[in-house]
Amino acid sequence: MLVLAHISDLHLDGSERATTRARRVRDHLWELPGAVDALLVTGDIADHGTEAEYEEAARLLSDAPFPVLTCPGNHDSRAPYRKALLGVPASEGPVNSVRVFDDAAVLMCDSSISGADDGALDDETYDWIEATLDELGRGRRALLAFHHPPVALHHPLPDRYQLARPDRLAALLDRRPEIAGLITGHAHTPAASVFAGRPLMVGPGVTWTLRLPWEGDQVADRDAPVGLAFHVLDDAGRLTSHFRVVT
């Protein structure tokens, strides 16, 4: 069984507000009485994509009692992200990585497009996913994590910037039964759906929560509690998610 804590959309910008909200969820997770296998952060870690913002993220996440897995969002910038957060040479190629556990793996995929809010998995990323799954072998369950949901969430703001070419992702899932589910962020609202027959879990935003159209005209609820999720991938390959808030 694999247990992932999941946060998204920290939007660290050097402000006391953003830092306080990120520290609040960090402290909650660091002090859990039981262990999780890893923390997954699905993008928009920085608000402006500066090195200073990633240096702050690195300080906040550096002493985690479990592995921290990250992927970029549309507010992130690949070169500073690599240099200041990951501690590797700066470059502009997609930031893709994999973490292998005993009987499962998490593939963190880069759906960002430089200079745009839209999302897409490019050819290099699709090739990397296929090659990584081949190397892992068909017997190992896998989760794909990236920033932009590939389905409508029924709010005009996130629905304007869905993952492009969802048909290509659906074809990948059809070929790859070992992919047990998808985990994304971007929408600033906890949500659960299905895509191409697989569970799709959307993490809440740390910085603010999206108000849905029937909840009022104000788009961003900046006073909502900080949200997080726990995802459990069990031995049968079933993905179960629990959503929490931190006051």
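Our structure is the block above this text.
Before going into details, it helps to say that this report is about the structure given with it. Only a predicted model underlies this, so the values are computations on that prediction, with no experimental measurement involved.

Brief notes about the overall build of the chain
Across its full length, the chain carries 6 helices and 15 strands. Over its C-alpha atoms the chain spans a radius of gyration of 17 Å, differing by no more than 12% from the 18 Å that the globule rule assigns to 247 residues. Taken along the three principal axes of its C-alpha coordinates, the chain extends 45 × 40 × 40 Å. Split into buried and exposed, the 247 residues of the chain put 54% on the buried side. For the chain, contacts bridging at least 24 residues in sequence account for 66% of all contacts bridging at least 6. As displayed, the chain has an accessible area near 10,600 Å², and 49% of this comes from carbon and sulfur atoms.

Observations concerning the state of the cysteines
With the rule as written, the count across this model stands at 0 disulfides. Sulfur of Cys 109: no disulfide; nearest cysteine sulfur belongs to Cys 71 and is 7.5 Å away. Relative accessible area serves as the criterion here: at 0%, Cys 109 is assigned to the buried category.

Topic: the sheet that holds strand β14 (residues 226-233)
Strand order in the open sheet formed by 5 strands is β3-β2-β1-β14-β15, and the pairing between neighbours is mixed. At either end of the open sheet lies a strand with only one pairing partner, and these are β3 (68-71) and β15 (239-246). On average, each strand axis in the sheet is inclined to that of its neighbour by 25 degrees, with strand direction left out of account. Alignment of strand β2 (residues 38-42) against β3, held across 4 bridges, turns out to be parallel.

A few points about the side chain of Thr 19
For Thr 19, the location among the structural elements is in helix α1 (residues 16-30). A residue is classified by how much of its surface remains accessible, and Thr 19, at 11% relative accessible area, is buried. Each residue touching Thr 19, except ones within four places of it in the same chain, is listed here: Leu 12 and Glu 56.

Focus on the pairing of strand β1 (residues 2-7)
For β1, the buried fraction is high: 6 of the 6 residues fall into the buried class. A two-sided burial pattern is seen for β1, the buried positions comprising Leu 2, Leu 4 and His 6 on one face and Val 3, Ala 5 and Ile 7 on the other. Bridging between β1 and β14 involves 5 bridges; their strand directions are antiparallel. If you follow Val 3 over to β14, its bridge partner there is Val 232. By the bridge criterion, 4 bridges tie β1 to β2 in an arrangement that is parallel. Counterpart to Ile 7 in the pairing with β2 is Val 41. Read from β1 through α1 to β2, the crossover connection turns out right-handed.

Description of the nonpolar core
Counting residues in hydrophobic clusters, the biggest one holds 30 residues, and the most contacted among them are Ile 7, Val 25, Leu 29 and Leu 39. The element that contributes the greatest number of residues to this core is α1, accounting for 5 residues. In terms of nonpolar packing, the next biggest core, distinct from the first, is built from 24 residues, Tyr 126, Leu 136, Ala 187 and Val 202 among them.

About the criteria used
Residues numbered from 1 in each chain as written. Predicted model: local features only at pLDDT ≥ 70, side-chain atom pairs only at ≥ 80, totals over all residues. Heavy atoms only, no water. Helix = DSSP H or I, 4+ residues; strand = E, 2+ residues; numbered from the N terminus. Rg over C-alpha atoms; globule rule 2.2 N^0.38 Å. Buried < 20%, exposed > 50% of the residue type's maximum accessible area, 1.4 Å probe, protein only. Contact = heavy atoms within 4.5 Å. Areas by Shrake-Rupley, 256 points an atom, 1.4 Å probe, with all protein chains shown as cover. Disulfide = S-S within 2.5 Å. Pairing = 2+ DSSP bridges. Axes fitted to C-alpha atoms, helices over the stretch in contact; angles between N-to-C directions. Right-handed = clockwise from strand over helix to strand, strands pointing away. Core = buried A, V, L, I, M, F, W, Y, C linked by side-chain atoms within 4.5 Å.

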